[in-house]
Amino acid sequence: SMRYERRSFDGDLIEKAYLIGFRLGDLHVKKISKKTIKTNSSTTKLAQANLIKSLFSNYCHVYINKCKDCYTTNCHLDNSFNFLLEKKDKIKYWILKDDKLFLAFLGGYTDAEGNIGIYTKMARYRVGSYDKKILSQIYAKLNSLGIRATYSLETKKGIHNGKKHNGDFWRVKVSEMSSLLKLLNNLEPFIKHEKRYNDLIHARNNIIQRMERNGKILYNI
């Protein structure tokens, strides 16, 4: 018997691409019975827990528990969410071949693993993880869209500065002003994390102000 009502996924491809991106970055998913798929996550940020609640509350009850120094979330979904079970270091072809679906995926992956900020008075976009193939695909796709990105190995597997890395850590960055402005404008509709969205707005304003100071013409990028 189920204590809370569950609803099936409606099949929307934009939402599906976003959820796959977010899952690959931040969710543990497994099948715990013939009818139930469970997702769980642990985070020190309440905003991340609230995001997970907003993503799945239309489909099931979302449990959020406050531990000593973190929040844990658990969701019990029906079998229509079996697309979340697979975890491979690869972006699906049906996502990569469609620009809008790719941006939705990147929105989810950014909400899980990304960072948008202003450093030394300049806006930056970064996304990093152990997912070498996924990041290489993100890098290639961004450049194919006219967004200049860099892709590099940031930290090798092992212990560095007292922190253990279970694998090689890879990073994609976008820093060049016009490319970053184009990325942020295209990514904005697909960012659901409250802080990440606010950071995107601040970063975009930073770019526009710098362009205006430098006398650059702003186009609809």
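Let us look at the structure shown here. Quick caveat: nothing in here was measured; it's all calculated off a predicted structure.

Turning to the packing of aromatic side chains, a few remarks are in order. In this structure the tally under the stated criterion is 11 aromatic pairs. Note on Phe9 and Phe83: the rings are 5.0 Å apart at their centroids and 55° apart in plane angle, and the pair reads as tilted. Taken together, the positions of Phe9 in the segment before α1 (13–26) and Phe83 in the loop between β4 (71–77) and α3 (93–96) put the pair 74 residues apart, joining distant regions of the chain. The exposure classification of Phe9 matches that of Phe83, with both residues buried. One aromatic cluster is present, built from ring pairs that chain together Phe9, Phe56, Tyr59, Phe81 and Phe83. Lying over the aromatic face of Tyr119, Arg126 brings its terminal NZ or CZ to 5.8 Å of the ring centre. Just above the ring of Tyr18 sits the side chain of Lys192; from NZ or CZ to the centre is 5.1 Å.

Two elements in contact, helix α4 (residues 99–113) and helix α6 (residues 177–187), have axes separated by 10 Å at closest approach and are oriented at 95°. In terms of orientation, α4 and α6 fall into the roughly perpendicular class. Residues Leu103, Leu106, Gly107 and Thr110 of α4 pack against Leu183, Asn186 and Leu187 of α6. Considering only residue class, the contact of α4 with α6 consists of 4 nonpolar, 3 polar and no charged.

Further remarks concern the packing of α4 against helix α5 (residues 132–144). Contact geometry for α4 and α5: axes closest at 12 Å, N-to-C directions at 135°. Regarding the angle of α4 to α5, the classification is oblique. For the crossing formed where α4 meets α5, the hand is left-handed. Residue-level inspection shows Asp99, Phe102, Phe105, Leu106 and Tyr109 of α4 in contact with α5, the latter providing Ile134, Leu135, Ile138, Lys141 and Leu142.

Right, let's get into the sheet that holds strand β10 (residues 169–174). Spatially, the 4 strands line up as an open sheet ordered β5-β6-β10-β7, and their pairing is antiparallel. Sheet topology places β5 (114–119) and β7 (150–155) at the edges, where each strand pairs with a single neighbour. When strand polarity is set aside, the average angle formed by the axes of neighbouring strands in this sheet is 30°. Sheet topology places strand β6 (residues 122–129) next to β10; 5 bridges connect them, and they run antiparallel. For Ser129, the partnering residue across the bridge sits in β10 and is Trp170. Here α4 sits on the sheet and contacts β5 and β6; the angle it forms with β6, its principal contact strand, is near 90°. Each of β5 and β6 touches helix α7 (residues 194–213); the most contacted strand, β5, lies at about 40° to it.

To continue, consider the sheet that holds β4. Here 4 strands make up an open sheet; going across it, the order is β1-β2-β4-β3 and the pairing antiparallel. Unpaired on one side and paired on the other, β1 (28–33) and β3 (62–66) mark the two borders of the sheet. On average, each strand axis in the sheet is tilted by 20° relative to the strand beside it, whichever way the strands run. On top of the sheet, helix α2 (residues 46–56) reaches β2 (36–43), β3 and β4; it is set at about 10° to β4, its chief contact.

Parameters at a glance
Residues numbered from 1 in each chain as written. Predicted model: local features only at pLDDT ≥ 70, side-chain atom pairs only at ≥ 80, totals over all residues. Heavy atoms only, no water. Phe/Tyr/Trp six-rings, centres within 6.5 Å; stacked < 30°, edge-to-face > 60°. Helix = DSSP H or I, 4+ residues; strand = E, 2+ residues; numbered from the N terminus. Buried < 20%, exposed > 50% of the residue type's maximum accessible area, 1.4 Å probe, protein only. Lys NZ or Arg CZ within 6 Å of the ring centre and 35° of its normal. Axes fitted to C-alpha atoms, helices over the stretch in contact; angles between N-to-C directions. Parallel < 35°, antiparallel > 145°, perpendicular 65-115°, else oblique. Contact = heavy atoms within 4.5 Å. Nonpolar A, V, L, I, M, F, W, Y, C, P; charged D, E, K, R; others polar. Left-handed = near helix turned anticlockwise from the far one by under 90°. Pairing = 2+ DSSP bridges.

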